[in-house]
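Close look at the chain arrangement
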Amino acid sequence: MTDVSRRDALFSTPLDQVADFSFDERVVDCFPDMIRRSVPGYAQITSMAGVIAARHLSPGAHVLDLGCSLGASTLSICQRLAPGAFTLEAIDLSGPMVDKARTLLTQQAPEHRIDVRQGDIRDCPLPSAGMIMVNFTLQFLDPSERDAVIARLYQALEPGGVLLLSEKILGEPGQEQLLIDLHHDFKRANGYSDLEISQKRTALEEVMIPDRLSTHHERLARTGFTRHDTWFQYLNFASILAFK
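Keep in mind that what you see is a predicted model, and the values were worked out from it rather than measured. (Residues numbered from 1 in each chain as written. Predicted model: local features only at pLDDT ≥ 70, side-chain atom pairs only at ≥ 80, totals over all residues. Heavy atoms only, no water.)

**Considerations on the pattern of salt bridges**
Stated precisely, the cut-off is as follows: We define a salt bridge as a side-chain nitrogen of Lys or Arg found within 4 Å of a carboxyl oxygen belonging to Asp or Glu. Under the scheme used here, helices are H or I runs from DSSP no shorter than 4 residues and strands are E runs no shorter than 2 residues, and both carry numbers assigned from the N terminus. Residue burial is assigned from relative accessible area. The probe radius is 1.4 Å, only protein chains are included, and a residue is buried under 20% of its type maximum, exposed over 50%, and partly exposed in between.
For the structure shown, the criterion picks out 17 salt bridges. Its salt-bridge partner being R219, residue D147 comes within 2.7 Å of it at the nearest N-O pair. One end of the pair, D147, is in helix α5 (residues 146–156); the other, R219, is in helix α8 (residues 213–223), and 72 residues separate them in sequence. Classification of R219 by relative accessible area gives buried; the value is 6%.

**Digging into the pairing of strand β7 (residues 227–234)**
Here is the rule: Should DSSP find at least two bridges between two strands, the strands are taken to pair.
Pairing between β7 and strand β8 (residues 237–243): 7 bridges, direction antiparallel. Its bridge partner being in β8, R227 is matched across the sheet by F243. Between the antiparallel neighbours β7 and β8 lie 2 residues, among them L235 with a positive phi of about 55°.

**Let's talk about unusual backbone geometry**
Even without being glycine, S69 reaches a positive phi, approximately 50°. By the secondary structure assignment, S69 is in the loop between β1 (61–66) and α3 (72–80). Non-glycine residue L235 carries a positive phi angle of around 55°. Examined against the element boundaries, L235 turns out to sit in the loop between β7 and β8.

**A look at the packing of aromatic side chains**
Between two aromatic rings, the relevant description is the distance of the centres plus the angle of the planes. Inclusion rule: Each aromatic pair joins two rings of Phe, Tyr and Trp (for Trp, the six-membered one) with centres within 6.5 Å, and gets the label stacked for planes under 30 degrees apart, edge-to-face for over 60, and tilted for any other angle. Only when the NZ atom of a Lys or the CZ atom of an Arg is both within 6 Å of the ring centre and within 35 degrees of the ring normal do we say a charge sits over the ring.
Applying the stated criterion across every chain, the model contains 8 aromatic pairs. Taking 5.9 Å as the distance between ring centres and 75° as the angle between the ring planes, the aromatic pair formed by F186 and Y234 counts as edge-to-face. Here F186 is found in helix α6 (residues 176–189), whereas its partner Y234 is found in strand β7, with 48 residues between them in sequence. With a centroid separation of 5.6 Å and an interplanar angle of 50°, the aromatic rings of W231 and F232 are classed as tilted. In this structure an aromatic cluster arises from ring pairing among F21, F23, F31 and F140. The ring of Y154 has K244 lying over it, and the distance from NZ or CZ to the ring centre is 4.6 Å.

**Considerations on empty space enclosed by the protein**
To keep it simple, the criterion reads: Detection works on a 1 Å grid of protein atoms alone, calling trapped sets that fit a 1.4 Å probe cavities and calling open sets with protein on both sides within 12 Å along at least five of seven lines pockets, with lining residues defined by an atom within 4 Å of a point. Grid points are joined across faces, edges and corners, and a volume is the space filled by probe spheres set on the points. Under the scheme applied, nonpolar residues are Ala, Val, Leu, Ile, Met, Phe, Trp, Tyr, Cys and Pro; charged residues are Asp, Glu, Lys and Arg; polar residues are all the others, including Gly.
Per the counting criterion, the structure on display carries 2 cavities of 30 Å³ or more. Along the walls of the largest cavity sit D8, A9, L10, F11, S38, K187, Y192, E196, I197 and K200, which together make up its complete lining. A per-element tally of the lining of the largest cavity places helix α7 (residues 194–204) first, with 3 residues. Per-class residue counts for the lining of the largest cavity are 5 nonpolar, 1 polar and 4 charged. The space that makes up the second largest cavity amounts to roughly 30 Å³. Here the lining of the second largest cavity is composed, by residue class, of 5 nonpolar, 2 polar and 1 charged.

**A look at the packing of α5 against α8**
Let me state the cut-off plainly: The angle between two axes is taken between their N-to-C directions and runs from 0 to 180 degrees, where each axis is a line fitted to C-alpha atoms and a helix contributes only its stretch in contact. Orientation categories follow fixed angle ranges, with anything under 35 degrees roughly parallel, anything over 145 roughly antiparallel, 65 to 115 roughly perpendicular, and all other angles oblique. By definition, turning the near helix anticlockwise from the far helix through less than a right angle yields a left-handed crossing, and turning it clockwise yields a right-handed one. In what follows, residue pairs with any heavy atoms lying within 4.5 Å of each other are defined as contacts.
Between α5 and α8, the shortest axis-to-axis distance is 10 Å and the interhelical angle comes to 50°. Between α5 and α8, the angle falls in the class oblique. With respect to the hand of their crossing, α5 and α8 are arranged in right-handed fashion. Here R146, D147, I150, A151 and Y154 of α5 lie close against α8, whose contacting residues are R219, L220, R222 and T223. Here the contact of α5 with α8 is built from residues that sort into 4 nonpolar, 1 polar and 4 charged.

Here it is, written out as structure tokens:
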């Protein structure tokens, strides 16, 4: 980003007390820069959403983008498919995120039928859908709630539908620290200081609890998905395609 006012500097000065991370107005304001410099593979995953939709969606299908943030995955689909080819609901728990996403999508995809609204993936209405996208959202739920959420998504998917599930992951036994260290090096290479890395990690410690990749696959299998493949991994960030 060229606008320095939108650079992520939320943890650049020492804080007397580091509050739990939340997707408030300050985070929304610098979110594109934060994601670019701290989440390896985010742009590749969201840009592939349109490619995946073009391959797997039936004409007129409905799409759910749950935990949509600023709508990058939704916009990717809009750039690949004509306005009449699908309908889409983009839902996020954060009010500031929803407001900004609605503005951006209205500007960048004005002809597409997109309903952007605030909601909780745990209990919001989920209409039948041919594709559901849940990118870096499950990791912010209590681990005890994740099985039930995946079951909800499975029930909402039409037969033959596809789930795009992307998450920060915990390394498998023996590789946990390697992936953590490399991710911190990734952040340093993108301009974050050790202070920023440390304070951000403290802010996320009780808010974001990642699962191992194997745990995700086990959960998907238990739920009933007939096929679930890891199609992308960059350090400790991965994306899975699961088919009903």
